[in-house]
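# What the coordinates show
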Amino acid sequence: MHQARKRFGQNFLHDEGIIHAIVSLIGPSSDAAILEIGPGLGALTKPLLANLESLDLLEIDRDLVAYWRKQQLPGLTITEGDALNFDFLAWARAKKSSGSKQIKVVGNLPYNISSPLLFHLVGAATEIDEQVFMLQAEVVERMVAEAGSSEYSRLSVMLQARYHLEKLLDVPPEAFDPQPKVNSAVVRMIPRSNFNTSPEEWRALEKVVAAAFAQRRKMLRTNLQDYLGRLQLQEDELTKRAQDISVGRYLEWASVLAASA
Ligand code: SAM
């Protein structure tokens with residue numbers, strides 16, 4: 001019997017109703033290539049595979065990797081590794097060139113690495129069609145928060161600049177074993193097809209958003225001090241706070257900064 005490992009964020013799903021709901025939200029179809037991050041003991045893996053010819057797994061826990069290799073289930077490919085270092089771009093390109101029409105990355109993610117993993121995946125967004133993830137509910141709330149709300153943060157701006165985000169489902173701690181201390185939620189992330197931010201603009205966006213949110217309660221006049229010479233902030237923007245600025249406006253600033261670098 002596998003002992004759940006805290007350091008790998010192992011909370012295994014066991015509620016059949018929730019598992020069924022998540023699998024239908026992922027929507028496994030035979031022309032899709034799907035990579036599941038952190039299959040654990042297979043709560044999602046087995047029902048997904050039942051609807052697919054093949055499924056790729058990425059798992060850090062070598063005991064779980066051995067568990068999956070031993071089963072030799074037809075169609076399963078398992079890679080042992082850390083999702084934070086995994087080359088999602090190369091994986092997606094390989095799947096596309098072998099004829100997959102849709103590329104999806106899914107999983108009930110280990111909560112301790114969710115933000116860095118989401119940022120790591122941005123680098124592969126040109127090749128990935130859809131991501132469906134279960135995360136800590138509080139993180140999902142921040143991801144989807146709109147400008148003006150108290151949850152609106154650096155994570156909201158950066159991810160909304162790159163993806164359409166939709167919160168799909170709330171999941172209570174009782175759905176897991178062992179139970180986490182927090183609520184969970186499922187989110188869908190679809191890369192924006194009209195995304196035309198250059199790498200220079202993206203780097204400028206990262207910098208200006210980090211600076212704006214560095215001290216949440218301070219006005220932009222203070223937080224963006226170093227940028228005021230280059231950014232044409234409107235008079236009323238100087239006294240606003242980072243959380244009041246729309247994603248579109250941050251993108252405008254990023255392109256001004258990239259052009260003047
Ligand atoms: N999918 C299973 C379920 O829903 O019951 C397990 C989910 S559990 C929350 C997270 C899984 O991710 C575990 O299997 C854990 O070993 C794996 N994991 C943790 N850190 C990881 C990492 N950095 N890279 C890949 N897998 C990781």
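Residues numbered from 1 in each chain as written. Predicted model: local features only at pLDDT ≥ 70, side-chain atom pairs only at ≥ 80, totals over all residues. Heavy atoms only, no water.

## Examining the site of the ligand
So the rule is basically this: To be near a molecule or strand, a residue needs just one of its heavy atoms within 4 Å of it. Within 3.5 Å is the distance limit for a polar contact, defined as a pair of N or O atoms, with the added protein rule that one can donate a hydrogen and the other accept it, and that residues adjacent in sequence qualify only through two side-chain atoms. A run of H or I in DSSP becomes a helix once it reaches four residues, and a run of E becomes a strand once it reaches two; helices and strands are each numbered from the N terminus. Put simply, Ala, Val, Leu, Ile, Met, Phe, Trp, Tyr, Cys and Pro go in the nonpolar bin, Asp, Glu, Lys and Arg in the charged bin, and everything else, Gly too, in the polar bin.
In the region of the ligand, 22 residues are neighbours, and Leu-13, Gly-38, Glu-59, Asp-82 and Asn-108 sit closest. Between the ligand and Gly-38, the relevant distance is 2.8 Å, taken from a nitrogen atom to a main-chain nitrogen or oxygen of the residue. Between the ligand and Ile-60 there is a distance of 3.5 Å, counted from a nitrogen atom to a backbone nitrogen or oxygen. Listed by contribution, the elements that provide at least two residues to the shell around the ligand are strand E1 (12–13) and strand E3 (55–59). Partitioned by chemical class, the residues of the shell around the ligand number 11 nonpolar, seven polar and four charged.

## Quick word on the domain arrangement of the protein chain
Test applied: Note that the domain bounds were set by an automatic or database domain assignment. Residues are treated as being in contact if the distance between any of their heavy atoms lies within 4.5 Å. Once two parts are joined, some of their accessible surface, as seen by a 1.4 Å probe, is lost; buried area is that loss totalled over both. Any Lys or Arg side-chain nitrogen found within 4 Å of a carboxyl oxygen on Asp or Glu counts as a salt bridge.
As far as domains go, the protein chain holds domain 1 (6–191) and domain 2 (199–259). One C-alpha centre belongs to domain 1, the other to domain 2, and the line joining them spans 31 Å. The interface of domain 1 with domain 2 comprises 13 residues on the first partner and 15 residues on the second. Per-residue buried area on domain 1 facing domain 2 is highest for Tyr-152, Val-157 and Met-158; these three make up 46% of the total on that side. Along the contact surface separating domain 1 from domain 2 lie zero salt bridges. Viewed at the interface, domain 2 and domain 1 are joined by five residue pairs in polar contact (both at pLDDT 80 or more). Residue contributions to the side of domain 1 that touches domain 2 peak at six residues, all from helix H7 (residues 154–162). Taken together, the residues of the side of domain 1 that touches domain 2 sort by class into six nonpolar, five polar and two charged.

## Side note on unusual backbone geometry
The omega torsion across Asp-177 and Pro-178 is -10 degrees, close enough to zero to call that bond cis. Even without being glycine, Gln-72 reaches a positive phi, approximately 45 degrees. Mapping Gln-72 onto the fold places it in the loop between helix H3 (62–71) and strand E4 (76–80).

## Brief notes about H3
What counts here: Classification of residues uses two cut-offs on accessible area relative to the type maximum, computed with a 1.4 Å probe and protein chains only: under 20% is buried, over 50% is exposed, and between them is partly exposed. The directions from the helix axis to the C-beta atoms form the arc being described.
Where H3 is concerned, the buried positions are Leu-64, Val-65 and Trp-68. What you see down the axis of H3 is that its buried residues fit within an arc of 105 degrees, all on one side. Exposed side of H3, more than 90 degrees from the buried face: Arg-62 and Lys-70 are the residues found there. Here the buried face of H3 lies against helix H2 (45–49), E3 and E4. At the N-terminal end of H3, a side-chain oxygen is found 2.9 Å from the backbone nitrogen of Asp-63, two or three residues along, and the residue is Asp-61. A positive phi of about 45 degrees marks Gln-72, the residue just after H3.

## Section: helix H11 (residues 247–259)
Where we set the bar: A helix is expected to span 1.5 Å for every residue after the first.
Counted at 1.5 Å a residue, the expected span for H11 with its 13 residues is 18 Å, and the 18 Å between its end C-alpha atoms agrees. Looking only at H11, the buried set comprises Val-247, Arg-249, Tyr-250, Trp-253, Ala-254 and Leu-257. The arc enclosing the buried residues of H11, seen along the axis, measures out at 160 degrees, which places them on a common side.

## Considerations on the pairing of strand E5 (residues 102–108)
In plain terms, the rule: At least two DSSP bridges between two strands are required for those strands to pair. By definition, the crossover connecting two strands over a helix is right-handed if that path, from the first strand to the second, turns clockwise as seen with the strands pointing away from the viewer.
With respect to burial, E5 is a largely interior element, six of its seven residues being buried. Two elements, strand E2 (residues 32–37) and E5, share five bridges in a ladder whose sense is parallel. Within the sheet, the bridge partner assigned to Ile-34 lies in E5 and is Lys-104. Across five bridges, E5 lies against strand E6 (residues 130–136) in parallel orientation. Directly across from Val-105, in E6, lies its bridge partner Gln-131. Once you follow E5 into helix H5 (residues 114–122) and on to E6, the crossover reads as right-handed.

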